[in-house]
Amino acid sequence: MNAAAPGEAEAALLTCCGSRRWARRVAAHRPYPDLDALLAASDEAAYDLSPADLAEALACEPLDPVIPHQITPQATHIAARTALRAAHAAYESRFGHTFVICLDDVPPDEALDQLLAGIRSRLGNDPEDERAIAADELRRLARGRLARLALLRGAGHAVTESRPPPCPDSPYVPV
């Protein structure tokens, strides 16, 4: 990340968070002495997102539910996808943006339940409160994606994608 050209660094950062302002800001403060410093800069840039920056980042989040097949039987998987699509439609209708939740610390076998509980509970939020929660979830997602990106690059793997899908190893399940 430190050695990448500015445009290359920003493109890689946009795979973590879809806000161009966030990506430019994180890229502009390089070099970072370690991963903790990079993550701190990511957090700081995320806390400073304007409503327009947040809308831009949320618009880049994937809309399709991703539920690992290995943790759900086929019938449950189909029912879960149907429930998630309905909940997502209700959420997007109410708040005008996609639902985001970071499930990085949730065991894969609990991710589906946490996702459904999260979207259902947040549907009752006031729009301003929900925007703040979505911004925090987006910050947490960016942090996890950035850590995985840095680890992949540190291990010598090139990352060439420009936007979603986010890091496929994440237990995060976008809706």
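Residues numbered from 1 in each chain as written. Predicted model: local features only at pLDDT ≥ 70, side-chain atom pairs only at ≥ 80, totals over all residues. Heavy atoms only, no water.

Novice: Just checking my understanding: could you explain unusual backbone geometry for this structure?
Specialist: Negative phi values dominate among residues other than glycine, just as trans dominates among peptide bonds. In this structure, Pro31 follows Arg30 across a cis peptide bond, with omega equal to 5°. Within the secondary structure, Pro31 sits in the loop between α2 (20-28) and α3 (35-47). (Helix = DSSP H or I, 4+ residues; strand = E, 2+ residues; numbered from the N terminus.)

Novice: Please explain the side chain of Ser42 as it appears in this structure.
Specialist: Counting through the fold element by element, Ser42 comes out in helix α3. Take Ser42: its relative accessible area is 0%, and that puts it in the buried class. Apart from the residues lying within four places of it in its own chain, the contact partners of Ser42 are Trp22, Val26, Ala142, Arg143 and Leu146. (Buried < 20%, exposed > 50% of the residue type's maximum accessible area, 1.4 Å probe, protein only. Contact = heavy atoms within 4.5 Å.)

Novice: It is not clear to me how the confidence of the model for the chain should be interpreted in this structure. Could you clarify?
Specialist: The share of residues in the chain with pLDDT of 70 or more is 79%, and the mean pLDDT across the chain is 84. Ranking the helices and strands of the chain by mean pLDDT puts α2 first, with 97, and helix α5 (residues 74-95) last, with 84. Residue range residues 157-175 is modelled with pLDDT below 50. Its contacts to residues more than four positions away, or to other chains, number 60 contacts. (pLDDT = per-residue confidence, 0-100.)

Novice: How do you make sense of the pattern of salt bridges when you look at a structure like this?
Specialist: A side chain of one charge can pair with a side chain of the opposite charge when the charged atoms of the two come close. All told, the structure shown has 12 salt bridges when counted by the stated rule. Note that Arg143 and Asp43 form a salt bridge whose closest N and O atoms lie 2.7 Å from each other. In this pair, Arg143 is assigned in helix α7 (residues 127-154) and Asp43 in helix α3, connecting sequence segments 100 residues apart. Among the residues examined, Arg143 registers a relative accessible area of 31% and is labelled partly exposed. The class of Asp43 is buried, set by a relative accessible area of 13%. Among the charged side chains, a network of salt bridges with common partners joins Asp43, Asp136, Arg139 and Arg143. (Salt bridge = Lys/Arg side-chain N within 4 Å of Asp/Glu carboxyl O.)

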